[in-house]
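The chain contents come next:
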Amino acid sequence: FPSHDMYGQDLLHYNHLIEVNKSLMEGLGTQQKVKYFVTIGFNHQTFSLDLFKSWMKVFDKYSWVISYIGKFELFRENGEHPHIHIILETDLRHKGKIIDKLHTSLTSRKHNLIVGKNNIDVKICEDRHYKYIQGIKTDNKVKYTLLDEVYRQDNDIPEFYERK
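Along each chain, the written sequence defines residue order, and numbers are assigned to residues from 1. For this predicted model, a pLDDT threshold of at least 70 governs which residues receive local features, and a threshold of 80 or more governs which side-chain atom pairs are given and counted, while totals over whole chains, interfaces and linings are taken from all residues. The basis for every side-chain value is the complete set of non-hydrogen atoms in the structure, without hydrogens or water.

1. Quick word on the sheet that holds strand β5 (residues 161-163)
A pair of strands is considered paired only if DSSP assigns at least 2 bridges between the two. Segments assigned H or I by DSSP are reported as helices when at least four residues long, segments assigned E as strands when at least two residues long, and all are numbered from the N terminus. Spatially, the five strands line up as an open sheet ordered β4-β1-β3-β2-β5, and their pairing is antiparallel. In this open sheet, the two strands that pair with only one neighbour each are β4 (120-124) and β5. Within this sheet the neighbouring strands show an average axis-to-axis angle of 15°, counted without direction. Where strand β2 (residues 65-76) and strand β3 (residues 79-90) come together, 10 bridges link them in antiparallel fashion. Residue Y68 lies in a different strand from β3, and its bridge partner there is L88. Simply put, an axis is a line fit to the C-alpha atoms, just over the touching stretch for a helix, and the angle between two N-to-C directions goes from 0 to 180 degrees.

Dropping the structure here:
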């Protein structure tokens, strides 16, 4: 027959499993935060810097946005292409839902920045995206990073838009 000590250890193990199970069950009702790397490309022919700045003020207040850091850029190899890269923390779990929410707000009557859903890219954020948003890019993009910096300064655009 097993000794009394074995029953005591089994009971401790069983109680531990109950506690682990309880903590897992409590977590089911809460959403986990996820970080995404979002790129929004604007139509360069209809882009309005004033509407963009206005939209950023609204974006900053969205309850589904837990935190973010974003950088506006204009220049790339094939000329001017206004876009913003955003590292976005949210409890929304589906990329499609994020795209829908962004598209709706960008194309509202108030902002009408004319962005198609296909111009909103949402990816799971990786370490390389933090470097990218900080301006650490491949050699062939360095001159565009410098042009963007001058454009932001000349047009009163912060280096980073952010909410922590």
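2. Let's talk about the packing of aromatic side chains
Aromatic pairs are defined between Phe, Tyr and Trp rings, using the six-membered ring for Trp, whenever the two ring centres lie within 6.5 Å; interplanar angles under 30 degrees are classed as stacked, those over 60 as edge-to-face, and all others as tilted. Applying the stated criterion across every chain yields a total of 14 aromatic pairs. Aromatic side chains F42 and F47 sit 5.3 Å apart centroid to centroid with 45° between the ring planes, which places their arrangement in the tilted category. Taken individually, F42 and F47 each receive the classification buried, so the pair is uniform in this respect. Among the aromatic residues, those joined into a ring-pair cluster are F42, F47, F52, F72, F75, Y151 and Y161. Only protein chains enter the accessibility calculation, which uses a 1.4 Å probe; a residue is then buried when its area is under 20% of its type maximum, exposed when over 50%, and partly exposed in between.

3. Re the layout of surface pockets
For the largest pocket, the calculated volume is near 230 Å³. The definitions used throughout rest on a 1 Å grid laid over the protein atoms alone, on which a cavity is an enclosed set of points accommodating a 1.4 Å probe that cannot get out and a pocket is an open set flanked by protein within 12 Å on both sides along at least five of seven lines; lining residues are those having an atom within 4 Å of a point. Lining the largest pocket are 19 residues, with E73, R76, H83, H85 and Y132 sitting closest to its centre. Of all the secondary structure elements, the ones that give two or more residues to the lining of the largest pocket are β1 (34-41), β2, β3, β4 and α5 (142-154). Under the grouping applied here, Gly and all other residues not named as nonpolar or charged are polar, the nonpolar ones being Ala, Val, Leu, Ile, Met, Phe, Trp, Tyr, Cys and Pro and the charged ones Asp, Glu, Lys and Arg. For the lining of the largest pocket, the residue count by class is five nonpolar, seven polar and seven charged. Grid points are joined across faces, edges and corners, and a volume is the space filled by probe spheres set on the points.

4. Considerations on the pattern of salt bridges
The salt bridge criterion pairs a side-chain nitrogen of Lys or Arg with a carboxyl oxygen of Asp or Glu, the two atoms within 4 Å. Under the criterion given, the structure shown has six salt bridges. Here E159 and K71 are joined by a salt bridge, their closest N and O atoms 3.7 Å apart. Separated by 88 residues along the polypeptide, E159 in the loop between α5 and β5 and K71 in strand β2 bring together distant segments of the chain. K71 gets classed as buried once you look at its relative accessible area, which sits at 4%. A salt bridge links R128 to E126; its shortest N-O distance comes to 2.8 Å.

5. Notes on the environment of V122
By the element assignment, V122 lies in strand β4. Overall, V122 belongs to the buried group, its relative accessible area being 7%. Each C-alpha atom of the pair V122 and T39 lies 6.7 Å from the other, and the pair is 83 residues apart in sequence. Beyond its immediate chain neighbours, meaning those up to four positions away, V122 contacts Y36, F37, V38, K95, I98 and I99. Residues are treated as being in contact if the distance between any of their heavy atoms lies within 4.5 Å.

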